[in-house]
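What follows is each chain in one-letter form.
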Amino acid sequence: MKIERLISIIMILLKRELVSATELAETFEVTTRTIYRDVETLSMANIPIYTVPGRDGGIGLMSTYKVDKKLLTSKDLQNILTALHGVEQLIQSPEIKSTITKIRAMQTEQQNDELDFSLHFTGWPGTEELKAVAESLQEAIRDQIIVQFDYYDVNGTHSSRKVEPYHLMYKGERWYLQGYSYEREDFRTFRLARMSNLQFTNETFQARDYSVIDKIPKDKLPPVYPVRLKANMRVRDIIIERFGISVITPCDDDTYYADLKLPNVENAYRFILQLGANAQIVDGGIFKQEFHRYLEKVINNYRPQ
């Protein structure tokens, strides 16, 4: 962390003539004494850094010290900042904060224009809670600390897990942890929302050979079935965002057919329910039959006892 802070200080001083120790201390959430120790460290590393005492003084770099900042264009820096701000909404860490500080310091005053686009993520209370869990797991990954937790799988089956954490993934607006499960003696992917009673042990581990599991193996994917919907324009955007515009065939000015391929599982039923009264399955074979059974179970939950 210290080396990251030292680099960030240099990048800030490359942009500005003088910066007070107090401002640097607040930026990096350390004491002014730590900042002055950093100044001594940089000086010993032959960085031409100096201090100016007094009310209008501060810390600066000799004007002869130059770093080529043209390797990245203004647009490059803007794009990097946009991506980092998106990541920062999902998970905050000292490393990400330090990187953002360095990128900002590389921008000139003329480069600080409004970004062409921005990223925003849902701020539900549960999302914020899972964000905090992800941040704590990130520390466990970095420090190679074994974690324990109770886990409820997709069917609600409970198990206790002891895991070496290796990788966090945010996919489809959901957080996942990939790690080595001692119970299964293999790598597994765990959805954070299905974890409870998370504990960080005093045990550490030696990293195993590992590569990110980005996709479910084809042999573990459920079979899919052709399903034709007739829907109105109110849910056209939902269909397109999930399946693309190629699945749509216009019927008239107000309705269209959507030819989908869906697995015969509960998540697919939930997607159809999301469309509400704006869509109807007109051809679906086995999927349509099982969906009707699922609807009956849902309705029975709300019948008067």
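Residues numbered from 1 in each chain as written. Predicted model: local features only at pLDDT ≥ 70, side-chain atom pairs only at ≥ 80, totals over all residues. Heavy atoms only, no water.

1. Things to note about the overall build of the chain
- What the chain contains, in helices and strands, is nine helices and 11 strands.
- By the burial criterion, 32% of the 305 residues in the chain qualify as buried.
- Here the analysis covers contacts within the chain between residues at least 6 apart in sequence; of these, 59% occur between residues at least 24 apart.
- Accessible area for the chain stands at about 19800 Å²; split by element, carbon and sulfur atoms hold 50% of it. (Helix = DSSP H or I, 4+ residues; strand = E, 2+ residues; numbered from the N terminus. Buried < 20%, exposed > 50% of the residue type's maximum accessible area, 1.4 Å probe, protein only. Contact = heavy atoms within 4.5 Å. Areas by Shrake-Rupley, 256 points an atom, 1.4 Å probe, with all protein chains shown as cover.)

2. A word on the packing of helix 2 (residues 21-28) against helix 3 (residues 32-44)
- Remark: helix 2 packs on helix 3, axes separated minimally by 8 Å, with the N-to-C direction vectors making an angle of 105°. Taken together, the axes of helix 2 and helix 3 lie roughly perpendicular to each other. Note on element contacts: helix 3 touches helix 2 through Thr 32, Ile 35 and Tyr 36, opposite Ala 21, Thr 22, Leu 24, Ala 25 and Phe 28.
- In terms of residue class, the contact of helix 2 with helix 3 is made up of six nonpolar, two polar and no charged. (Axes fitted to C-alpha atoms, helices over the stretch in contact; angles between N-to-C directions. Parallel < 35°, antiparallel > 145°, perpendicular 65-115°, else oblique. Nonpolar A, V, L, I, M, F, W, Y, C, P; charged D, E, K, R; others polar.)

3. So, unusual backbone geometry
- For Glu 29, which is not glycine, the phi torsion reads 55° and is therefore positive.
- By the element assignment, Glu 29 lies in the loop between helix 2 and helix 3.
- Look at Asn 197: it is not a glycine, yet its phi comes out positive at around 55°.
- Tracing the sequence through the fold places Asn 197 in strand 7 (residues 195-204).
- By relative accessible area, which is 52% here, Asn 197 ends up exposed.

4. Describing the pairing of strand 8 (residues 224-232)
- Pairing analysis gives nine bridges linking strand 8 to strand 10 (residues 255-263), with the strands arranged antiparallel. By the bridge assignment, Lys 230 is partnered in strand 10 with Tyr 257. (Pairing = 2+ DSSP bridges.)

5. A word on the sheet that holds strand 7
- Strands sit in the order 6-5-4-3-7 across an open sheet of five strands; the sheet is antiparallel. Both outer strands of the open sheet, strand 6 (186-191) and strand 7, are each paired with one neighbouring strand and no more. The average angle at which neighbouring strand axes cross in this sheet is 45°, direction not considered.
- Here strand 5 (residues 174-181) pairs with strand 6 via six bridges, running antiparallel. Directly across from Leu 177, in strand 6, lies its bridge partner Phe 190.

6. Here's the deal with the pairing of strand 3 (residues 145-152)
- As paired strands, strand 3 and strand 7 are joined by five bridges and run antiparallel to one another. Across the sheet, Val 147 pairs through a bridge with Phe 200, a residue of strand 7.
- Of the pairings in the sheet, the one linking strand 3 to strand 4 (residues 158-171) comprises six bridges and is antiparallel in character. Bridge pairing in strand 4 links Gln 148 to Lys 162.
- In sequence, strand 3 turns back onto strand 4 through a hairpin of five residues, with Gly 156 there showing a positive phi of about 85°.

7. Points about the packing of aromatic side chains
- Under the definition given, this model contains 15 aromatic pairs.
- With a centroid separation of 6.2 Å and an interplanar angle of 65°, the aromatic rings of Phe 149 and Tyr 151 are classed as edge-to-face. When sorted by exposure, Phe 149 lands in the same class as Tyr 151, which is buried.
- Between Tyr 166 and Phe 205 the ring centres are 5.3 Å apart and the planes differ by 45°, which places this aromatic pair in the tilted class. On the criterion of sequence distance, the pair formed by Tyr 166 in strand 4 and Phe 205 in the loop between strand 7 and strand 8 is long-range, its members being 39 residues apart. Here Tyr 166 matches Phe 205 in class, with each residue buried.
- A network of ring pairs unites the aromatic residues Tyr 166, Tyr 180, Tyr 182, Phe 187, Phe 205 and Tyr 210 as a single cluster.
- Positioned above the aromatic ring of Tyr 257 is the side chain of Arg 228, whose terminal nitrogen or guanidinium carbon lies 4.3 Å from the ring centre. (Phe/Tyr/Trp six-rings, centres within 6.5 Å; stacked < 30°, edge-to-face > 60°. Lys NZ or Arg CZ within 6 Å of the ring centre and 35° of its normal.)

8. Details of the pattern of salt bridges
- Tallied over the entire structure, the rule returns nine salt bridges.
- Where Arg 5 meets Asp 38, a salt bridge forms, and the shortest distance between an N and an O atom there is 2.7 Å. One end of the pair, Arg 5, is in helix 1 (residues 2-15); the other, Asp 38, is in helix 3, and 33 residues separate them in sequence. Summarising the burial analysis for this pair, Arg 5 and Asp 38 share the class buried. (Salt bridge = Lys/Arg side-chain N within 4 Å of Asp/Glu carboxyl O.)

9. What about helix 2?
- Residues of helix 2 that are buried include every one of Ala 21, Leu 24, Ala 25 and Phe 28, and no others. Taken end-on, helix 2 shows its buried residues confined to a sector of 100°, consistent with a single buried face.
- A positive phi of about 55° marks Glu 29, the residue just after helix 2. (Arc of directions from axis to C-beta.)

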